[in-house]
Amino acid sequence: MAEVSLSKVTKEFGAVSVIKGIDLQIADGEFCVFVGPSGCGKSTLLRMVAGLEEISSGALRIGGRDMTQVGPSDRGVAMVFQSYALYPHMTVAENIGFGLRMTGHDKAEIAKRTSAAAKMLQLDHLLDRKPGQLSGGQRQRVAIGRAIVRNPDVFLFDEPLSNLDAALRVQMRGEISRLHQDLGATMIYVTHDQVEAMTMADKIVVLSAGHIEQVGSPLELYHRPRNLFVAGFIGSPKMNFLTVEARPAPGGAEVTLPGGAVVTLAGQIAVAGQMTLGLRPEHASATGVGDAVLEGTVKLAEHLGSETLFFVALSDGSEIAVKADGLASERPGDRMRVGVPARACHLFDAAGQALINGDLTR
Amino acid sequence: MFPTPIQKASPAARIGYQVLLPVALMIWLIPLIGVAVTSLRPASDLAAGNYFGIPSGLAFENYAAVFRDSPIGWYILNSFKVTVPTVIGAVALSCLTGFALAVYGFRANLWVFFAFVAGNFIPFQILMVPVRDMTLRAGMYDTTLGLVLFHIAFQTGFCTLFMRNFIKGLPFALIESARVEGVSEWRIFRHIVLPLMRPAIAALSVLVFTFVWNDYFWATVLVQGQHAMPVTAGLYSLNGQWVAAWHLVSAGSIVAALPPVLMFFLMQRHFIAGLTLGATKG
Amino acid sequence: MSDTARSAGFWKRNQLKIAPWAFLAPGAIMFLLYVLIPIVQSVWISFHDWDGLGDKVWIGLGNYVELLDDDTFYVALKNNLIWLALYLLAIPMGLATALFLNQTVWGIRLYKSLFFFPFVISQVVVGLMFTWFYAPDFGLFSQLIKWLTGTEIAVLADERFVTLGIIVAGLWPQTAYCMILYLTGLNNLNPEQIEAARMDNARGWRLLWHVILPQLAPATFIAMVVTVIGALRSFDLVSIMTAGGPYGSSQVLSYFMYEQALSEYGYRMGYGAAIAVVLFLIMMVFITLFIVRMIAQERNR
Ligand SMILES: Nc1ncnc2c1ncn2[C@@H]1O[C@H](COP(=O)(O)OP(=O)(O)OP(=O)(O)O)[C@@H](O)[C@H]1O
Ligand SMILES: [Mg+2]
């Protein structure tokens, strides 16, 4: 069993506080993805789990054992680096077997495990090459192979796919997911990439400026963001935010949209005031279907073939993105009636906390 | 590319450049060429006042005479006895210190590093009296060992600067990745970093060889008698004996200069890589 | 629990704290013993009267006071300044040579190596070569002067020219060194920046000044460092070519110190140490400048 648990973990570099108190439970066998804007501390947190950065305060437990003071080699973790960190003077086989050789495993055992890992990653025919003679994807696989042979409890990945081109990235994404199913090990994976996070994760941890904004399954984060930050971070294109007036009303919250239209959201709010309404572009309707309508002018139309993305300027000067059919024919300058379905709307208070999350199943 | 490639210039400029090159080289190397020619000039030419004309013959005899009539062969052997152990010692020590300073972020790191760097720039004279005294008292005065130990210590300064910067240029993830795999620090050094340091080791070896071979100051300070004297100091004392026998002085000079020159031509790329460390960004 | 997690012993736990010192120890001890401690000892000795054998006699600032009254000291100091000023010519000369050689024509690699040649040769040999070159009667240089002016100048025996003559000998290898630094720098120029500048109509000198030289700044910095150090260290050539003569007119501090401490006139270790301390302090000004710049660079990494 190798669940990973962090409690009140912090990290300071000198006077700069980079990780500000993280509490997190990752279950055995779970695929956990850290996402967040650049510089928010994802790599640092991962490296603290690996033991490459000291933990300033707080505790880390892996498989129930306190690992806070334990060196990286004794934590039962393996790490795959963004740069792959392959030893350039060793062959693929030597690279994969190096850790075992250095920790005193016998030759036969090393050979056995190396070839098993190589088979799993389709590297069998490359075992005698040096890293310089491999393609990006192959190098990536060697780096993963090096992690596999050590039979770790926890795999750590720091943006492992970011040096690959788009097609390879999709392929390797699949391979890592398959690996996770085959090995059943706990994996922690850092990425910038929304799609990677959404497609691979059992659990996503959204970080910002050194603290956790929200933890949940991909769909949970998509449908029930806890605050403006998560709402804006998860989902592409980004969720639209409109400044609105809201007040409690019988049967829900009555929201006055820019331009004066009123929509009533199911859910309770305590006080009236200026708030933020969130609506994803894919839920807004370019044909005016919905519980309320926003009038505006098309500023820009991006035709992607399968779909069209309109940027519509509203009467109060704010702008809203609307995803529409690939055949939609409006052009810049045309008037557009944007339909707002109440059940897809999120409402955030002045502090950015979600008061109401839409529910599409309604 | 700057200046503009000569290939793009007019044909006249191109030919002019091709002609100018050897002429400029000849002028640049006049002292060297003069000495080289003199070293092959028969003594009779000099006696007859033929200093610049075509030598009346090629007197390889001068070289034979230098080896036969003076201990220069012995001096050269001494130079090797000083230089080779120094190269090995200084490179070995600086691999270790360079690794320590490049890989570990301990508090005194930068201070230790700058002590090594600053030590490099110091005038030898400030070390002379105490080092000579220490060598005397340790019974190593007038021995090649005394010279070797000093040179190792001093060259370690420059070599550490070089090695540290070289290792800093390696991807740090290599080391971290090995750490996660449970490789001990010594084995990280031995199996990962050291194999990648080969170019740096080659560069430093030729450089240190040249520096130490060409050292004259310490050879006069720490050595007195013939039996341990390196060729630089030896040549100086021979110069005193060979007053006005310029054909011998020249032949001796050429012999003394030859080993580092050969080293340079054999390992030119490494030599220049070492010497120009820091001359470019990154 | 998998096989990668084992119990941690003392060494394993503290490895990262101990390892740097273990790696550092052999080299650092040697360096301490032979370089850092002797500096302090020299300063200490400079306050004594000492012949190197008997007891040291404390005389406080006595050696320094004597130095202030020593004419040779002022000659040496003046010559050191001349060395410093003229030696810096190696930098523009090295740059000019590098620009001249930075072409790709047949055999250019050999030309570059041969131009670099003087640096590889021991200064003792360089000194002998130039002694021969300057020799009255049969030296190439004096013949040339005679042919040009009709009078003969014995450079190394003439108080007016002797220091200049030695410096020229020193400039020969030093220019080669600066040249190789600049050749490496030129080799690593950013070609797109030069092309962009050419599109902006910068040519020749202006291109050199505004675009090339700034990119060569690291090479210039190193060239400055090695040239200043080289100028203040000038010992070998003075010793070989004139031994400070004629009448002490080509003295420099480094040779003056050596002569006082280890000469046939008797061993004046304390006095020599005092001269060395003065030289060291002059050098320290430059070392500090260099180190400050290096620290700034390290911080920017
Ligand atoms: N060794 C260090 N010393 C000082 N500050 C550091 C150090 N390492 C990281 N930081 C700072 O800590 C913060 C978090 O860095 P980290 O590398 O964890 O970000 P990240 O989320 O991985 O970013 P990215 O997505 O760009 O990789 C950054 O502001 C960074 O500048
Ligand atoms: Mg990162």
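Residues numbered from 1 in each chain as written. Chains lettered and ligands numbered in written order. Predicted model: local features only at pLDDT ≥ 70, side-chain atom pairs only at ≥ 80, totals over all residues. Heavy atoms only, no water.

Engineer: Can you walk me through the overall build of chain C in this structure?
Structural biologist: Each helix and strand counted, chain C has 14 helices and two strands in total. Here the C-alpha atoms of chain C give a radius of gyration of 25 Å, more than 25% beyond the 19 Å that 2.2 N^0.38 yields for 301 residues. On the principal axes, the C-alpha backbone points of chain C span a range of 90 × 70 × 30 Å. When the accessible area of chain C is evaluated, it comes to approximately 14,000 Å², of which 65% is carbon and sulfur surface. Seen as two clouds, the 18 positive and the 19 negative side-chain charges of chain C have centres 18 Å apart. (Helix = DSSP H or I, 4+ residues; strand = E, 2+ residues; numbered from the N terminus. Rg over C-alpha atoms; globule rule 2.2 N^0.38 Å. Areas by Shrake-Rupley, 256 points an atom, 1.4 Å probe, with all protein chains shown as cover. Lys, Arg positive; Asp, Glu negative; His and termini not counted. Charge placed at Lys NZ, Arg CZ, Asp CG, Glu CD.)

Engineer: What am I meant to see in the overall build of chain B here?
Structural biologist: Secondary structure summary: chain B contains 15 helices and zero strands in total. Against the 2.2 N^0.38 benchmark of 19 Å for 282 residues, chain B shows a C-alpha radius of gyration of 24 Å, more extended than a compact globule. For chain B, the spread of C-alpha atoms along the principal axes amounts to about 75 × 65 × 30 Å. When the 282 residues of chain B are sorted by exposure, 61% land in the buried category. For chain B, long-range pairs separated by at least 24 residues make up 74% of all intrachain contacts whose partners lie at least 6 apart in sequence. Carbon and sulfur atoms provide 69% of the accessible area of chain B, an area that totals close to 10,700 Å². Positive and negative side-chain charges of chain B, numbering 16 and 9 respectively, have mean locations separated by a distance of 12 Å. (Buried < 20%, exposed > 50% of the residue type's maximum accessible area, 1.4 Å probe, protein only. Contact = heavy atoms within 4.5 Å.)

Engineer: Would you mind going over unusual backbone geometry with me for this structure?
Structural biologist: What you tend to see is this: most non-glycine residues have negative phi, and most peptide bonds are trans. All names here are of chain A. Residue Pro237 is reached from Ser236 by a cis peptide bond, and omega for that bond is -5°. Mapping Pro237 onto the fold places it in the loop between helix H8 (228-233) and strand S11 (240-249). Although it is not a glycine, Ala85 adopts a positive phi angle of roughly 55°.

Engineer: I keep staring at the sheet that holds strand S8 (residues 186-190) of chain A and nothing clicks. Help me out?
Structural biologist: Strand pairs in the sheet, formed through backbone hydrogen bonds, run parallel or antiparallel to each other. Residue and element names in this part refer to chain A. Pairing in this open sheet of six strands is mixed, and the strands run S6-S7-S8-S3-S9-S10 from one edge to the other. The strands lining the two open edges of the sheet, one partner per strand, are strand S6 (77-80) and strand S10 (211-216). Strand-to-strand twist across the sheet, computed as the mean angle between neighbouring axes with direction ignored, equals 20°. (Pairing = 2+ DSSP bridges. Axes fitted to C-alpha atoms, helices over the stretch in contact; angles between N-to-C directions.)

Engineer: Where do I start with the interface of chain C and chain B in this structure?
Structural biologist: Interfaces are often sized by the amount of accessible area the parts lose when they come together. Contacts between chain C and chain B engage 104 residues on the former and 104 residues on the latter. Of the roughly 9,600 Å² buried at the junction of chain C and chain B (both faces included), carbon and sulfur atoms supply 77%. Per-residue buried area on chain C facing chain B is highest for C:Phe23, C:Tyr34 and C:Trp132; these three make up 10% of the total on that side. At the junction of chain C and chain B, the tally comes to zero salt bridges. In terms of residue count, helix H1 (residues 10-45) of chain C provides more of the side of chain C that touches chain B than any other element does, 21 residues in total. For the side of chain C that touches chain B, the class distribution of residues is 76 nonpolar, 21 polar and seven charged. (Buried area = accessible area lost by both parts, 1.4 Å probe. Salt bridge = Lys/Arg side-chain N within 4 Å of Asp/Glu carboxyl O. Nonpolar A, V, L, I, M, F, W, Y, C, P; charged D, E, K, R; others polar.)

Engineer: When you look at the sheet that holds strand S2 (residues 16-26) of chain A in this model, what are you seeing that I'm missing?
Structural biologist: Residue and element names in this part refer to chain A. The strand order across the open sheet built from four strands is S2-S1-S4-S5, with neighbouring strands paired in antiparallel fashion. Unpaired on one side and paired on the other, S2 and strand S5 (65-66) mark the two borders of the sheet. Pairing analysis gives five bridges linking strand S1 (residues 4-13) to strand S4 (residues 57-62), with the strands arranged antiparallel. Paired with Ser5 across the bridge in S4 is Arg61.

Engineer: I tried to follow the environment of B:Met134 on my own but got confused; where do I start?
Structural biologist: Assignment of secondary structure puts B:Met134 in helix H7 (residues 125-137). For B:Met134 and B:Ile30, which are 104 residues apart along the polypeptide, the C-alpha to C-alpha distance reads 43 Å. Each residue touching B:Met134, except ones within four places of it in the same chain, is listed here: C:Leu33 and C:Tyr34.

Engineer: Can you walk me through the pattern of salt bridges in this structure?
Structural biologist: Two side chains of opposite charge can pair, provided their charged atoms sit close to one another. For the coordinates displayed, the defined rule picks out 19 salt bridges over all chains. Note that A:Arg146 is salt-bridged to B:Glu181, the shortest N-O span being 3.5 Å. Here B:Glu181 lies in the loop between helix H9 (172-180) and helix H10 (185-196) and A:Arg146 lies in helix H4 (residues 136-148), a pairing that spans two chains. Across the pair, B:Glu181 and A:Arg146 agree in class, each one buried.

Engineer: It is not clear to me how the UniProt feature "transmembrane region" (unreviewed entry) in chain B should be interpreted in this structure. Could you clarify?
Structural biologist: All names here are of chain B. In the numbering used here, UniProt assigns the "transmembrane region" (unreviewed entry) feature to residues 20-40, 82-103, 110-128, 148-167, 188-213 and 244-266. The span residues 20-40 shows a helical share of 90% and a strand share of 0%, and its end C-alpha atoms are spaced 27 Å apart. Along residues 148-167, the helical share is 100% and the strand share 0%, with 26 Å between the first and last C-alpha atoms. (UniProt positions renumbered as here; feature names shortened; annotations may be inferred.)

Engineer: I keep staring at the side chain of A:Lys11 and nothing clicks. Help me out?
Structural biologist: Residue and element names in this part refer to chain A. If you trace the backbone, Lys11 turns up in strand S1. The class of Lys11 is buried, set by a relative accessible area of 7%. Other than its neighbours up to four places away in sequence, Lys11 contacts Val16, Ser17, Val18, Ile19, Thr44, Met48, Glu53, Glu54 and Ser56.

Engineer: Would you mind going over the pairing of strand S3 (residues 31-35) of chain A with me for this structure?
Structural biologist: Two faces make up the sheet, and in a regular strand the side chains alternate between them. Residue and element names in this part refer to chain A. The element S3 is largely enclosed, with a buried count of five among its five residues. Of the two faces of S3, both are covered, the one formed by Phe31, Val33 and Val35 as well as the one formed by Cys32 and Phe34. Two strands pair when backbone bridges link them, and S3 and S8 are joined in this way by four bridges, in the parallel orientation. Across the sheet, the residue bridging to Phe31 is Met187, located in S8. Note that S3 and strand S9 (residues 203-208) share four bridges and pair parallel. By the bridge assignment for S9, Cys32 is matched with Lys203.

Engineer: What exactly am I supposed to notice about the site of ligand 1 here?
Structural biologist: Residue and element names in this part refer to chain A. Surveying the vicinity of ligand 1 reveals the residues Phe13, Val18, Ser38, Gly39, Cys40, Gly41, Lys42, Ser43, Thr44, Glu159 and His192. Contact distances for ligand 1 include 3.1 Å between an oxygen atom and a side-chain N or O atom of His192. Sorting elements by how many residues they give to the shell around ligand 1 places helix H1 (residues 42-50) first, with three residues. A breakdown of the residues in the shell around ligand 1 according to their chemical character gives three nonpolar, six polar and two charged. (Near = heavy atom within 4 Å. Polar contact = N/O pair within 3.5 Å; in protein donor to acceptor, adjacent residues only side chain to side chain.)

Engineer: Would you take a moment to explain the environment of C:Thr97 for this structure?
Structural biologist: Residues and elements named next belong to chain C. Here Thr97 lies in helix H4 (residues 90-101). Judged by relative accessible area, which is 15%, Thr97 ranks as buried. Between the alpha carbons of Thr97 and Thr175 there is a distance of 8.3 Å; along the sequence they are 78 residues apart. Setting aside its immediate chain neighbours within four residues, Thr97 contacts Phe115, Thr175 and Met179.

Engineer: Would you take a moment to explain the packing of helix H5 (residues 72-103) of chain B against helix H13 (residues 231-241) of chain B for this structure?
Structural biologist: When two helices pack together, you describe them by how their axes are tilted relative to each other and by the distance separating the axes. Residue and element names in this part refer to chain B. At a closest axis distance of 8 Å, the pairing of H5 and H13 adopts a crossing angle of 155°. The orientation of H5 relative to H13 falls into the category roughly antiparallel. Here Ile72, Tyr75, Ile76 and Ser79 of H5 lie close against H13, whose contacting residues are Val231, Gly234, Leu235, Ser237 and Leu238. Residues of the contact of H5 with H13, tallied by class, amount to six nonpolar, three polar and no charged. (Parallel < 35°, antiparallel > 145°, perpendicular 65-115°, else oblique.)

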